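Chain and residue survey
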Amino acid sequence: QTLVGFGQGSMDQQTVPMYTQRGAAERDQWLDWLYTTKDGGLGLRIARVYLSAGDAPGHHHMDRRPGGLTAPLGYSTGPDQWLWAGHEASLWMPLGARQRGARLVAFFNSPPAWMTVSGCTAGSVGGKTNNLAEAHEADYVAYMVEVLRHYRDAWGIDFEWVCPINEPEADWWTAGDG
């Protein structure tokens, strides 16, 4: 096993307004503290970037963020239905981390709701079974590829690694609970 570095992730993707209201200068300072050794910075080398599936339509259990912030947007509401607008405010973290030399990990927390067994991106019913519907396994791969392609081609963010699912061994992620 080879250790390639230490990092952090999801700094802003769940709570975009908390960071974007701070302004570019303060966000740059945070990025310097995390991804450089300048002024006592940590010098982290890896940034885990949260590529959210979003909340399921009609669900609001993923809204429990500081200050009542809402869940981050997903990228797809159905086959060939893409939501590219609205993610711009969360791009500062991966762009800034990469500019400071960090390597990027694309982290998908769930397939979109329409690909799940439970119809919920928070998890399966009971939290102990696979929530990706077998009929959508190939769709999920195509979805991840399209999201990664969009990040690269439209936003100039290229990932080195991909994590396709969040905490698969955990039974606390359950449908309707988040």
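Details of the structure are given in the entry above.
This section reports on the structure supplied with the text. Just so it is clear, the model here is predicted, and its values are computed rather than measured.

**Overview of the environment of Ala89**
As for its position among the elements, Ala89 is in the loop between β4 (81-82) and α3 (92-99). Judged by its relative accessible area of 36%, Ala89 falls in the partly exposed class. C-alpha separation for the pair Ala89 and Thr20, spaced 69 residues apart in sequence, amounts to 6.8 Å.

**Focus: the packing of aromatic side chains**
Scanning the entire structure with this criterion turns up 11 aromatic pairs. Seen in terms of ring centroids, Phe108 and Tyr140 are 6.5 Å apart; in terms of plane orientation they differ by 80°. Their pairing is edge-to-face. With Phe108 in strand β5 (residues 103-108) and Tyr140 in helix α4 (residues 137-155), this pair connects stretches of sequence that are 32 residues apart. Residue class for Phe108 comes out buried when judged on its relative accessible area of 0%. Residue Tyr140 is classed as buried on the basis of its relative accessible area of 5%. The structure contains a cluster of three or more aromatic residues connected by ring pairs, namely Tyr75, Trp82, Trp84, Phe108, Tyr140, Tyr143, Tyr151, Trp155 and Phe159. Seen from the ring of Trp92, Arg27 lies directly overhead, with NZ or CZ sitting 5.4 Å from the centre. The ring of Phe107 is capped by Arg48, whose NZ or CZ atom sits 3.5 Å from the centre of that ring.

**Considering the nonpolar core**
Counting 29 residues, the largest nonpolar core has Tyr35, Leu51 and Tyr151 as its most contacted members. Broken down by element, this core gets its largest block of residues, six residues, from α4. When residues no more than four places from it in sequence are discounted, the contact partners of Tyr151 are Leu51, Tyr75, Leu91, Gly156, Ile157 and Phe159.

**Some words on the environment of Ala106**
Considering the arrangement of structural elements, one finds Ala106 in strand β5. Once residues within four sequence positions are removed from consideration, Ala106 is found in contact with Val49, Leu51, Leu148, Phe159, Trp161, Val162 and Cys163.

**Focus on the packing of helix α2 (residues 24-35) against α3**
To characterise two packed helices, one gives the angle between the axes of the helices and the distance between these axes. Relative to each other, α2 and α3 sit at 50°, their axes nearing to 10 Å. By the angle between their axes, α2 is oblique relative to α3. Between α2 and α3 the crossing geometry is right-handed. Every residue of α3 that contacts α2 at Arg27, Trp30, Leu31 and Tyr35 is listed here: Trp92, Met93, Gly96 and Ala97. Tallied by class, residues from the contact of α2 with α3 come to six nonpolar, one polar and one charged.

Reading guide: rules and limits
Residues numbered from 1 in each chain as written. Predicted model: local features only at pLDDT ≥ 70, side-chain atom pairs only at ≥ 80, totals over all residues. Heavy atoms only, no water. Helix = DSSP H or I, 4+ residues; strand = E, 2+ residues; numbered from the N terminus. Buried < 20%, exposed > 50% of the residue type's maximum accessible area, 1.4 Å probe, protein only. Phe/Tyr/Trp six-rings, centres within 6.5 Å; stacked < 30°, edge-to-face > 60°. Lys NZ or Arg CZ within 6 Å of the ring centre and 35° of its normal. Core = buried A, V, L, I, M, F, W, Y, C linked by side-chain atoms within 4.5 Å. Contact = heavy atoms within 4.5 Å. Axes fitted to C-alpha atoms, helices over the stretch in contact; angles between N-to-C directions. Parallel < 35°, antiparallel > 145°, perpendicular 65-115°, else oblique. Left-handed = near helix turned anticlockwise from the far one by under 90°. Nonpolar A, V, L, I, M, F, W, Y, C, P; charged D, E, K, R; others polar.

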